[in-house]
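Residue strings, one per chain:
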Amino acid sequence: MIGRLHTFVYDCPDPERLAGFYSELLGRPVTLRDEGWVVIGDREQWPVLAFQAVEGLKEPRWPDPERPQQAHMDIWVEDIDTAEQRVLEMGATLLRTEENGTGVWFRVYSDPAGHPFCLEYEAR
C-alpha cells in the first residue's frame, strides 16, 4: 500500500449546501468550515468528505461524455424506497435505475450540485 484515502473532495458552487446534503445523507457531522471549504466526518478517522468552492464550475451531466461524472459514491441502503424519498426531499434528482446482474440494484441520482451518486440495494 502506498497510502490511504484521506479526503474525497467535491468541487461545487456552494460548499455549505452540498456538505449539508451529504451530512444528512450519510449521518456524518460537519467538522470544519473555512473560506470556501467544508468538511464532513471525523478527521481523525479517514476518509472524510470535503466540499470546495469553485467559481464557474461546469457541473457533470451523467451519462454525457461531454460533461463526465468525474467521480461518484455508491451508498448501500436497506430500504431503497425510504432512502429515495429522503434524498429527493433533500434535493437529489433520480437519473436511472439499473441492475448489475447479481441481484444488486442501483438507483443513480445527482446531488444538488449535479454530481452523480448511487443508492445500492439488494432486490428481494
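Up top is the structure these notes are about.
Residues numbered from 1 in each chain as written. Predicted model: local features only at pLDDT ≥ 70, side-chain atom pairs only at ≥ 80, totals over all residues. Heavy atoms only, no water.

Of the regular secondary structure elements, the protein holds 2 helices and 8 strands. Its C-alpha atoms give the protein a radius of gyration of 15 Å, within 12% of the compact-globule value 14 Å for 124 residues. On the principal axes, the C-alpha backbone points of the protein span a range of 45 × 35 × 35 Å. Split into buried and exposed, the 124 residues of the protein put 35% on the buried side. In the protein, of all internal contacts separated by at least 6 residues, the share reaching a separation of at least 24 is 49%. Approximately 7600 Å² of the protein is accessible, and the part contributed by carbon and sulfur atoms is 48%. The distance from the centre of the 12 positive side-chain charges to the centre of the 23 negative ones in the protein is 1 Å. (Helix = DSSP H or I, 4+ residues; strand = E, 2+ residues; numbered from the N terminus. Rg over C-alpha atoms; globule rule 2.2 N^0.38 Å. Buried < 20%, exposed > 50% of the residue type's maximum accessible area, 1.4 Å probe, protein only. Contact = heavy atoms within 4.5 Å. Areas by Shrake-Rupley, 256 points an atom, 1.4 Å probe, with all protein chains shown as cover. Lys, Arg positive; Asp, Glu negative; His and termini not counted. Charge placed at Lys NZ, Arg CZ, Asp CG, Glu CD.)

On to the sheet that holds strand E2 (residues 30–34). The mixed open sheet is built from 4 strands, whose spatial order is E1-E4-E3-E2. Each edge of the sheet is formed by a strand with only one pairing partner; in this case those strands are strand E1 (7–12) and E2. With strand direction ignored, the average angle separating the axes of adjacent strands in the sheet is 15 degrees. In this structure, E2 lies alongside strand E3 (residues 37–40), joined through 4 bridges in antiparallel fashion. If you follow Asp34 over to E3, its bridge partner there is Trp37. Helix H1 (residues 15–26) contacts E1, E2, E3 and strand E4 (48–53) of the sheet and is inclined by roughly 160 degrees relative to E4. (Pairing = 2+ DSSP bridges. Axes fitted to C-alpha atoms, helices over the stretch in contact; angles between N-to-C directions.)

None of this, on its own, says anything about what the molecule does.
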